[in-house]
Amino acid sequence: ERLRKALEIAPEDHYVNWQLGQVLASRGQSEEADRLFRNAIRIDSTFIPAYLDVASLLKKEGRTDQACDVLREAIRIKPDDLRSYCLLGDSLAETGETSEASDMYRKALERNSDCLPALSSLAELLTASAAADAQAGIQAVGYATRACELTKYQDFDALITLSDSHAAVGNL
């Protein structure tokens, strides 16, 4: 493999470690992929893609709490990386920590109000609580509408979220 050869030539290249880790992760070789991702972080502690991949592997293994810790560290290092907020929000939502998940999506939106993953995920989260909180349903419709506008109403998932949010507030 060319990437293994590249790693032999440049073992301290964070990008080569990360890329080989991605190939191995895609082949189901999670343990070695994790080692390479963490090595990429050791070499360059500001290389956020490696943090995201470590967190993804941890989530796949059911170690969501540890994934959240990795993502919090990524946010501490690069507070403007929207992917870290969204992935942390997704992880928190999966564990039932919806309030903190909502905060993460909102922080992503503070940094970029057109962050599609944050808009969609926040709309879904608020839709789920709309029965108990009418204001949440109204907000969900707003976020879902913005997500549809950004995708020119061409994204199936965004349309489903918009439909669900409207149904949650009694608009259908």
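Residues numbered from 1 in each chain as written. Predicted model: local features only at pLDDT ≥ 70, side-chain atom pairs only at ≥ 80, totals over all residues. Heavy atoms only, no water.

**Regarding the confidence of the model for the protein chain**
Working step 1: Averaged over every residue, the pLDDT of the protein chain is 95; the share at 70 or more is 100%.
Working step 2: Of all helices and strands in the protein chain, the one with the weakest mean pLDDT is helix H1 (residues 2-9) (80), whereas helix H5 (residues 64-77) scores best (98). (pLDDT = per-residue confidence, 0-100. Helix = DSSP H or I, 4+ residues; strand = E, 2+ residues; numbered from the N terminus.)

**Some details on the packing of aromatic side chains**
When we look at a pair of aromatic rings, we describe it by the centre distance and by the angle of the planes.
Working step 1: Scanning the entire structure with this criterion turns up three aromatic pairs.
Working step 2: Relative to tryptophan 18, the ring of tyrosine 15 has its centre 5.3 Å away and its plane inclined at 50°; by these criteria the two rings are tilted. Here tryptophan 18 and tyrosine 15 lie together in helix H2 (residues 14-26), a separation of three residues that amounts to about one turn.
Working step 3: Tryptophan 18 sits in the buried class, given a relative accessible area of 12%.
Working step 4: Ring plane angle 85° and centroid distance 5.3 Å describe the contact between tryptophan 18 and phenylalanine 47, whose orientation is recorded as edge-to-face. Linking tryptophan 18 in helix H2 with phenylalanine 47 in the loop between helix H3 (30-43) and helix H4 (48-60), this pair joins segments that are 29 residues apart in sequence. Phenylalanine 47 matches tryptophan 18 in its accessibility class, with the two residues each being buried.
Working step 5: An aromatic cluster is defined as three or more aromatic residues linked by ring pairs; in this entry it consists of Tyr15, Trp18 and Phe47. (Phe/Tyr/Trp six-rings, centres within 6.5 Å; stacked < 30°, edge-to-face > 60°. Buried < 20%, exposed > 50% of the residue type's maximum accessible area, 1.4 Å probe, protein only.)

**Quick word on the pattern of salt bridges**
Working step 1: Inspection of the entire model under this criterion finds 14 salt bridges.
Working step 2: The shortest N-O distance in the salt bridge between glutamate 110 and arginine 111 comes to 3.9 Å.
Working step 3: A residue is classified by how much of its surface remains accessible, and glutamate 110, at 64% relative accessible area, is exposed.
Working step 4: A residue is classified by how much of its surface remains accessible, and arginine 111, at 35% relative accessible area, is partly exposed.
Working step 5: A salt bridge links glutamate 149 to arginine 146, with the nearest nitrogen and oxygen atoms 3.3 Å apart. Here glutamate 149 and its partner arginine 146 are both found in helix H9 (residues 134-150), three residues apart, which amounts to about one turn of the helix.
Working step 6: Classification of glutamate 149 by relative accessible area gives partly exposed; the value is 39%.
Working step 7: For arginine 146, a relative accessible area of 29% translates into the label partly exposed.
Working step 8: One network of salt bridges, in which partners are shared, links Asp69, Arg72 and Glu100. (Salt bridge = Lys/Arg side-chain N within 4 Å of Asp/Glu carboxyl O.)

**Quick look at the environment of alanine 123**
Working step 1: Its location among the elements puts alanine 123 in helix H8 (residues 116-128).
Working step 2: Using a relative accessible area of 0% as the deciding quantity, one classes alanine 123 as buried.
Working step 3: Residues alanine 123 and alanine 136, spaced 13 residues apart in sequence, show a C-alpha to C-alpha distance of 8.8 Å.

**Details of the packing of H2 against H3**
Working step 1: Contact pair H2 / H3: the axes reach a minimum separation of 8 Å and the direction vectors enclose 160°. With respect to each other, H2 and H3 are oriented roughly antiparallel. In this structure, H2 crosses over H3, and the sense of that crossing is left-handed. Contact residues: His14, Asn17, Trp18, Leu20, Gly21, Gln22, Leu24 and Ala25 in H2; Glu32, Ala33, Leu36, Phe37, Asn39, Ala40 and Ile43 in H3.
Working step 2: Of the residues that constitute the contact of H2 with H3, the class distribution is nine nonpolar, five polar and one charged. (Axes fitted to C-alpha atoms, helices over the stretch in contact; angles between N-to-C directions. Parallel < 35°, antiparallel > 145°, perpendicular 65-115°, else oblique. Left-handed = near helix turned anticlockwise from the far one by under 90°. Contact = heavy atoms within 4.5 Å. Nonpolar A, V, L, I, M, F, W, Y, C, P; charged D, E, K, R; others polar.)

**Some details on the side chain of lysine 59**
Working step 1: As for its placement among the helices and strands, lysine 59 is situated in helix H4.
Working step 2: A polar side-chain atom of lysine 59 sits 3.2 Å from a polar atom in the side chain of glutamate 94.
Working step 3: In this structure, lysine 59 is in contact with Ala67, Leu87, Asp90, Ser91 and Glu94, ignoring residues within four places of it in sequence. (Polar contact = N/O pair within 3.5 Å; in protein donor to acceptor, adjacent residues only side chain to side chain.)

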